[in-house]
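# Working through the structure, step by step
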Amino acid sequence: MSHMPIDPAFSDRIALAQHIANAYAALSHVEAVVLAGSQTTGIADSGSDLDLYIYTHTALSLADRRMVARAFADRLELDNQFWEPGDEWIDRTTGICFDVMFRHLAWIEDQLDRVLVRRAGSVGYSTCFWHNTRTALALFDRNGWFAALQQRASQPYPPELRQAIIAKNHPILRRNLSSYRHQLERAIAHNDLVSINHRISALLASYFDILFALNRVLHPGEKRLVSFAVTACAHVPPGMAEQIHALIQAGAVGDSMVIEAVDTLIEALDQLLLAEGLL
């Protein structure tokens, strides 16, 4: 049987990630180290960073985190708290940026419980952590905990979760008084370009959450969503890419064409939902 050739650059990055994972693995509190993000979903390019997730029972000390980072980097940022707790640094040999995030085991287990047990959606990005777990590459797994977690993440998409995500996100597209469409009408009336673009981004977050749920596809995160949807989803609204482009262009101008673009985009999505009996 023939096999696709492995990109040498990818192999080199995996080897580098493994080398750094070994340094974290030497710390007794570390249960698992995994590589995730663009490197494991096939969308990485030469400028992509490496996303490492360090799973622990007990938080690592800043001194231990500094020790590992300084072994590989001269330029580093420790204990960033803007999103997930993490360190960012640039490997001194290759120039590759590392984004290292630190997670408690109980926290990621609860994120899976939310979608797989409680079947609860969120406003946008409902299944991102499920996707992150499912597509990750384990570089260190001290006691097999991550292998068990990943096995759990391999289960089918619950139909109740599909319905919950749509129920959570669809009303705020344009039906409710607090919907993005109504907020956009007010922002346009005030000529508030910042608010217009902010609400368009939020609308698109809910739009893609619905589209991926409709297709029983896990949400991959923020990047390259149009191309991912076209590739991964069996049911995509006709003209989706062009409709999204038109909406973003209208938002840059901030005129009434924004509302027309919103209605065109959502109407096409609604037709798919109706065909699936989900409205």
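For the structure given in this document, a descriptive report is provided here.

Rules of the game
All residue numbers refer to position in the chain's written sequence, counted from 1. Where local features are concerned, this predicted model is filtered to residues with pLDDT of at least 70; where side-chain atom pairs are given and counted, the filter is 80 or more; whole-chain, interface and lining totals use all residues. Note that water and hydrogens are dropped before the side-chain values are worked out from all heavy atoms of the structure. Runs of E in the DSSP output that reach at least two residues are strands. Runs of H or I that reach at least four are helices, and both are numbered from the N terminus. Relative accessibility decides the category of a residue: with a 1.4 Å probe and only protein chains considered, values under 20% of the type maximum give buried, values over 50% give exposed, and everything between is partly exposed. Should any heavy atoms of two residues lie within 4.5 Å, those residues are counted as being in contact. The Shrake-Rupley method, run with a 1.4 Å probe sphere, supplies the accessible areas, and residue values consider only the shown protein chains as cover. His is not counted, nor are the chain ends, whereas Lys and Arg count as positive and Asp and Glu as negative. Throughout, a charge is located at the NZ atom of Lys, the CZ atom of Arg, the CG atom of Asp or the CD atom of Glu. Pairing between two strands requires that DSSP report at least two bridges joining them. Simply put, an axis is a line fit to the C-alpha atoms, just over the touching stretch for a helix, and the angle between two N-to-C directions goes from 0 to 180 degrees.

## Digging into the overall build of the protein
When its secondary structure is counted, the protein shows 13 helices and six strands. Projected onto its principal axes, the C-alpha coordinates of the protein cover approximately 55 × 45 × 40 Å. Looking at the protein as a whole, 46% of its 279 residues qualify as buried. Considering only residue pairs separated by 6 or more positions, the protein has 61% of its internal contacts joining residues 24 or more positions apart. For the protein, the accessible area works out to roughly 13,900 Å², and carbon and sulfur atoms hold 56% of it. In the protein, 23 positive and 31 negative side-chain charges are present, and the distance between their average locations comes to 4 Å.

## Side note on the pairing of strand 2 (residues 50-56)
Counting buried residues along strand 2, seven of its seven residues qualify, which places the element largely inside the surrounding structure. With burial as the criterion, each face of strand 2 is covered, one bearing L50, L52, I54 and T56 and the other bearing D51, Y53 and Y55. Strand direction decides the pairing type here: strand 1 (residues 30-36) and strand 2, joined by six bridges, are antiparallel. Note on strand 2: the bridge partner recorded for V30 is T56.

## Describing the sheet that holds strand 6 (residues 137-141)
One open sheet accounts for six strands, arranged 3-4-5-2-1-6; its pairing is mixed. In this open sheet, the two strands that pair with only one neighbour each are strand 3 (73-80) and strand 6. With direction set aside, neighbouring strand axes in the sheet form an average angle of 20°. Sheet analysis places strand 2 next to strand 5 (residues 97-104), joined by seven bridges and oriented parallel. Pairing of Y55 across the sheet is with R103, part of strand 5. Lying over the sheet, helix 4 (residues 105-116) contacts strand 1, strand 2 and strand 5, oriented at roughly 85° with respect to strand 5.

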